[in-house]
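Structure at a glance
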Amino acid sequence: MSSNDSNTAANTGTGRKPIRVWVDGCFDMMHFGHANALRQARAMGDYLVVGVHSDVEVEKNKGPCVMKEDERYAAVAACKWVDEVVKDAPYVTTLEMLDEYDIDFVVHGDDITTAADGTDCYQIVKDAGRYQECKRTVGISTTELVGRMLLLTRDHHIRGNRAIKSPIQGVDEAAIANFSQGSMPAGALTGIAHYLSTSKKIIQFSSGAEPKPGDRVVYVDGAFDLFHTGHIEFFKRARELGDYLLVGVHDDQTVNAIKGGNFPVMNLQERVLGALQCRYVDEVIIGAPYSVTKDVLEDVYHVDVVVHGASDRPIDIDGRDPYDLPKQLGIYREVEHPCLGLTTTAIIERIIANRHVYIERQARKAKKALAEAEAEQREKEVKAACHL
């Protein structure tokens, strides 16, 4: 038994061998739908190993990723339900890989995923009886987020000068429309959908932990749109300045008033879930004011330090410095991190710069989704027949 297994067995208090669970995927633009699958998988066992496919594997089997593989590895590692990350995992899950990491079973969503040749990526482990399913989070996917950005790009980077050409000028409008209308029959998961958040989901994502007496509470705030490794590295360094990280997430109206265009790409509830799944975050203020107030510093918890990124100089709608109060109190700090260049805007620019590629990918995924839906239906019919 490995040291990790020994520790996990001790934590379970049973002395038994811990149940080791495997999940794999692309985890492109790691969102709360991915995190929810990982949360469910972790609840089925004691130790969660997550395999992340390389850029080459994803390109061959699915199409180009928005985020680079190192960014995807880091994003998965930062999810609080993940115990271990395996880089460059094979696209088709093998028994050899499971045996190498002493895995008891694989968990995947209740849909079929196929490789480039049309085969079920999990057929081998299904046949071996080492496969279990979790519920897919409806209304959110990487394709959905890319679609939102393509649909919203007409005004994204226009600031004052209305003569600037639209970044999607010259792109086939009908092709872009496929993102919103869906190029598939009803039920295909390739069009624009809407996630309906519930209080239960927020509770499931929340740690529920309170700061202990004497803990140093750190406060950060922002939009945290399209949650990415820049946010993760910022949270990590802010958390190092104290013992408990409180994150304020601004509401949609505030973000739009400050950033303009069609920001935020994700709504408030989606952005809150994105922050809550991060292992460095202890609690979130939903709809925090843009300027740090006395209420923020005292009413939730007593805040000892307010932290902001060193490269950003935000201004509130009324022209004031939103961090004026913590600066006056001498509790304001700035941090730098290695991912300062990775921002929500930078991700959107990646999409716009490669818009033709993503529109073509959408068409390919639509055909692939239909084949997967048909395979899923056949599998359900086989299972139903077996129970007769």
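Residues numbered from 1 in each chain as written. Predicted model: local features only at pLDDT ≥ 70, side-chain atom pairs only at ≥ 80, totals over all residues. Heavy atoms only, no water.

**Brief notes about the packing of aromatic side chains**
Test applied: Side-chain rings of Phe, Tyr and Trp, where Trp is taken by its six-membered ring, are said to pair if the distance between their centres is within 6.5 Å; with planes under 30 degrees apart they count as stacked, over 60 as edge-to-face, and otherwise as tilted. Relative accessibility under 20% of the residue-type maximum defines a buried residue, over 50% an exposed one, and the middle range a partly exposed one, all with a 1.4 Å probe and only protein chains included. Numbering of helices and strands runs from the N terminus, with a helix taken as a DSSP run of H or I at least four residues long and a strand as a DSSP run of E at least two residues long. Over a ring means this: the NZ of a Lys or the CZ of an Arg is within 6 Å of the ring centre and within 35 degrees of the ring normal.
Under the definition given, this model contains 8 aromatic pairs. Seen from their ring centres, Phe 227 and Phe 235 are 5.8 Å apart, and the 35 degrees between their planes marks the pair as tilted. The burial state of Phe 227 is the same as that of Phe 235; both residues are buried. Seen from their ring centres, Tyr 244 and Tyr 301 are 5.3 Å apart, and the 75 degrees between their planes marks the pair as edge-to-face. With Tyr 244 in strand S7 (residues 244-249) and Tyr 301 in the loop between helix H13 (294-298) and strand S9 (305-309), this residue pair connects regions lying 57 residues apart in the sequence. What links up through ring pairs into an aromatic cluster is the set Phe 224, Phe 227, Phe 234 and Phe 235. We note Lys 259 situated over the ring of Phe 263; from NZ or CZ to the ring centre the distance is 5.6 Å. A cation over a ring is seen here: Lys 327 above Tyr 332, with NZ or CZ 5.0 Å from the ring centre.

**Comments concerning the sheet that holds strand S8 (residues 283-286)**
Defined as follows: Pairing between two strands is assigned when DSSP locates at least 2 bridges connecting them. The angle between two axes is taken between their N-to-C directions and runs from 0 to 180 degrees, where each axis is a line fitted to C-alpha atoms and a helix contributes only its stretch in contact. The contact criterion used is simple: two residues touch if any of their non-hydrogen atoms lie within 4.5 Å.
One open sheet accounts for 5 strands, arranged S8-S7-S6-S9-S10; its pairing is parallel. Each edge of the open sheet carries a strand with a single partner, namely S8 and strand S10 (332-335). With strand direction ignored, the average angle separating the axes of adjacent strands in the sheet is 30 degrees. One ladder, built from 4 bridges, connects S9 with S10; its direction is parallel. Along S10, the bridge assignment pairs Val 306 with Tyr 332. Sheet strands touched by helix H10 (residues 229-239): strand S6 (217-222), S7, S9 and S10. Its angle to S7, the strand with the most contacts, is close to 135 degrees. Against the sheet, helix H12 (residues 268-276) contacts S7 and S8, and its axis sits at roughly 165 degrees relative to S8.

**What about helix H2 (residues 32-43)?**
Operational definition: Here, expected helix span is obtained from the residue count minus one, scaled by 1.5 Å.
Counted at 1.5 Å a residue, the expected span for H2 with its 12 residues is 16 Å, and the 16 Å between its end C-alpha atoms agrees. H2 sits mainly inside the fold: 9 of its 12 residues count as buried. Residues of H2 that are buried include every one of Phe 32, Gly 33, His 34, Ala 35, Asn 36, Leu 38, Arg 39, Gln 40 and Ala 41, and no others.

**So, the sheet that holds strand S5 (residues 131-134)**
Here we have 5 strands laid out as an open sheet, ordered S3-S2-S1-S4-S5, and parallel in their pairing. Each having just a single partner strand, strand S3 (84-87) and S5 make up the two edges of the open sheet. With strand direction ignored, the average angle separating the axes of adjacent strands in the sheet is 30 degrees. Where strand S2 (residues 47-52) meets S3, 4 bridges bridge the pair, whose relative direction is parallel.

**A closer look at the nonpolar core**
Going by this rule: We define a nonpolar core as any set of buried Ala, Val, Leu, Ile, Met, Phe, Trp, Tyr and Cys residues linked to one another through side-chain atoms lying within 4.5 Å.
Counting residues in hydrophobic clusters, the biggest one holds 66 residues, and the most contacted among them are Met 29, Leu 38, Val 220, Leu 226, Phe 235 and Val 247. Per element, the largest residue contribution to this core is 5 residues, and it comes from H12. In terms of nonpolar packing, the next biggest core, distinct from the first, is built from 18 residues, Cys 26, Cys 65, Ala 115 and Val 125 among them.

**Points about the environment of Arg 350**
In this fold, Arg 350 is placed in helix H15 (residues 344-353). Sequence separation of Arg 350 and Met 67 is 283 residues, and the distance between their C-alpha atoms is 9.0 Å.

**Remarks on the environment of Leu 342**
Turning to its location among the elements, Leu 342 is positioned in the loop between S10 and H15. When residues no more than four places from it in sequence are discounted, the contact partners of Leu 342 are Met 67, Glu 71, His 228, Thr 229, Gly 230, Ile 347 and Arg 350.

**Structural notes on the side chain of Asn 36**
Looking at where Asn 36 falls in the secondary structure, it is placed in helix H2. Taking relative accessible area as the criterion, Asn 36 reaches 4% and is therefore assigned buried. Dropping the residues within four chain positions of it, Asn 36 is found in contact with Thr 137, Lys 201, Gln 204 and Phe 205.

**Side note on the pattern of salt bridges**
Rule in force here: Every case where a carboxyl oxygen of Asp or Glu lies within 4 Å of a side-chain nitrogen of Lys or Arg is listed as a salt bridge.
Per the stated rule, a full pass over the model turns up 18 salt bridges. Between Asp 102 and Lys 17 there is a salt bridge, with its nearest N and O atoms 3.5 Å apart. A residue pair is termed long-range when its members are at least 10 positions apart, and Asp 102 in the loop between helix H5 (95-100) and strand S4 (105-109) and Lys 17 in the loop between helix H1 (3-12) and strand S1 (20-25) qualify at 85 residues. In this structure Lys 17 comes out as partly exposed when scored by relative accessible area, which is 36%. With a shortest N-O distance of 3.7 Å, Lys 212 and Asp 215 are connected by a salt bridge. You can call Lys 212 exposed: its relative accessible area is 56%.

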